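Residue-level listing of the chains:
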Amino acid sequence: MERELKASEIHILVLPYPVQGHLNPMLQFSKRLALKGLRVMLLAAMSISESIPDQAGSVKIQRICDGFDGDGKVDSLVYHERFSVVVPQSLREVVARQNCSNCPFNFLVYDSTLPWALDVAHRLGLDAAPFFTQSAVVSALYYHVHRGTLKMPVEGPTVTVPSMPLLAVSDLPSFIHHMDAYPSILRLVVDQFSNIHDANWTFINTFEQLENEVLSWMRSQWPVKTVGPIIPSMYLDKRLEDDRDYGLSLFKPNLDACQTWLDQKQAASVVYVSFGSLASLGEEQMEEISQGLKRSNAHFIWVVRESEQQKLPTNLVEETTDKGLVVNWCNQLQVLAHQAVGCFLTHCGWNSTLEALSLGVPMAAMPQWTDQTTNSKFIADVWKVGLRVKRDESGIVRGEEIALCIREIMEGERGNEIRKNAHRWKELAKEAVDEGGSSNKNIEEFVAELAEVEGDAS
Ligand code: UDP
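In this text, all values refer to a predicted model and were calculated from it rather than measured experimentally.

A. Structural detail: the sheet that holds strand E11 (residues 270-274). The six strands are arranged E13-E12-E11-E14-E15-E16 in an open sheet whose pairing can be described as parallel. Lying at the two open borders of the sheet, with one neighbouring strand each, are strand E13 (324-327) and strand E16 (386-388). Between one strand and the next, the sheet's axes are offset by a mean angle of 15°, whatever the strand orientation. Relative to strand E12 (residues 299-303), E11 is paired through four bridges, and the arrangement is parallel. Bridge pairing in E12 links Val273 to Trp302. Against the sheet, helix H9 (residues 283-296) makes contact with E11, E12 and strand E14 (341-346), and its axis sits at roughly 160° relative to E12, the strand it touches most.

Following this line, the structure appears as structure tokens:
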């Protein structure tokens, strides 16, 4: 007899690629599924497992072999290649082990940069769906390259793509507009779409209102469920009590220092500066940022990862003790949510972009590579929640330009407009994930469909 499964009978396996910008949204999505009553297990590669707990909220974390003895450099292509050779076997073992228990897995959610996981899952008798940690626009652009509807090399100066505003070639992801610089990464991002038509579901960390035109177009190509913005609940809908942190930090945050320091500053008087977990800036650029921050006259918190610290201009810390705080890593959400922060000088990583949008913090967009160039175009010209800093002919953003941009946001006419827009997006972001919102509905629909399908199968 047919029956629907209860939510607690559904067991989801989640496979993220182990870099911070992928772990955060995929763990957060896992928590959202757990909130609906599902059991969820997230797989963590051995190379990052030292920094992670066994459990994050109600999500169980299981360590798996990634082909390294805990010392894989997760942001390298060599690591990605080895991961893709070793982890399919780890995945088979985890699924087989669980099959012998009374709660086998029903479904695999995998990082879209690991398209082989769909075939592995199907061979194991599991259905599966990719999770995209980049924007819908960026996903669509890579898909066009995959299909050949965006011909490489792209001829400039502008390019017309269905359901998108006119884009300058330099607005495209760097892997497309500098295709010779990163041929292997270009292949990797385009390969996300190699078997997209075999997937019955796809999840994407964005929300309907933010990218509705391109999402409508995308839905004409394959089934898409928007589930974002995926950030800890206490910063948005507050339905997941105590969920204030992603819970899987690969870096050690300097928690109290930032909070105490910010508590002493006036509202909207601080610039928060971060280039995320991967980008690496040159020494000259670091010098220009220091100059820009000093010239802006604003207070600042600057995240400089330990591996980047040696590039900091000497004396910066001593010269700016009353003005600035340099930390190795922080709880970014906690900082962005603080009323003292009035501007985010950002690399425009997709998570950082969604976090700033969800918290209504105006952005000074300083993209470095990958999808950040495209995100910055939308931040400045489409959502109008920030300004883009300009590079000079040598590709460096000068201190003067940085200071100008910060001042325009924090004190200028355009700053008022930007704050108004930021406030509107904050409301829309909350609406999307709250009860009755588009992203929340999509998650509920997925759970209901899964209960039906799996119930029929059992
Ligand atoms: N982040 C953080 N502390 C920091 C800097 C970044 O917690 O000091 C988090 C940030 O909240 C975001 C993630 O790290 O969730 C970075 O992801 P993003 O997509 O913005 O950039 P990536 O690191 O992938 O370039």
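B. Broad picture of the site of the ligand. Neighbouring residues of the ligand: 20 residues in total, closest Ser277, Cys330, Asn351, Ser352 and Glu355. Here an oxygen atom of the ligand sits 2.9 Å away from a polar atom, N or O, in the side chain of Asn24. For the shell around the ligand, the elements supplying multiple residues, two or more each, are helix H1 (20-35), E11 and helix H12 (350-359). Residue contributions to the shell around the ligand peak at four residues, all from H12. Among the residues making up the shell around the ligand, the classes are represented as seven nonpolar, 12 polar and one charged.

C. Spatial organisation of the environment of Ala279. Here Ala279 is to be found in the loop between E11 and H9. Put simply, Ala279 and Gln368 are 89 residues apart on the chain and 6.9 Å apart in space, counted from C-alpha to C-alpha. Discounting residues that sit within four places of it in the chain, Ala279 has contacts with Arg305, Glu308, Gln368 and Trp369.

D. Looking closely at the packing of aromatic side chains. By the definition in use, this model includes 23 aromatic pairs. With centroids separated by 5.2 Å and ring planes inclined at 80°, the aromatic side chains of Phe107 and Trp201 adopt a geometry described as edge-to-face. Within this pair, whereas Phe107 is found in strand E5 (residues 107-111), its partner Trp201 is found in the loop between helix H6 (183-190) and strand E9 (203-204), the two being separated by 94 residues in sequence. In terms of burial, Phe107 and Trp201 fall into one category: buried. Clustering of aromatic rings is evident, with ring pairs tying together Phe29, Phe107, Phe131, Trp201, Phe203 and Phe446. The aromatic ring of Trp261 is capped on one face by Lys265, whose charged end is 4.2 Å from the ring centroid.

Rules behind the numbers
- Residues numbered from 1 in each chain as written.
- Predicted model: local features only at pLDDT ≥ 70, side-chain atom pairs only at ≥ 80, totals over all residues.
- Heavy atoms only, no water.
- Pairing = 2+ DSSP bridges.
- Helix = DSSP H or I, 4+ residues; strand = E, 2+ residues; numbered from the N terminus.
- Axes fitted to C-alpha atoms, helices over the stretch in contact; angles between N-to-C directions.
- Contact = heavy atoms within 4.5 Å.
- Near = heavy atom within 4 Å.
- Polar contact = N/O pair within 3.5 Å; in protein donor to acceptor, adjacent residues only side chain to side chain.
- Nonpolar A, V, L, I, M, F, W, Y, C, P; charged D, E, K, R; others polar.
- Phe/Tyr/Trp six-rings, centres within 6.5 Å; stacked < 30°, edge-to-face > 60°.
- Buried < 20%, exposed > 50% of the residue type's maximum accessible area, 1.4 Å probe, protein only.
- Lys NZ or Arg CZ within 6 Å of the ring centre and 35° of its normal.

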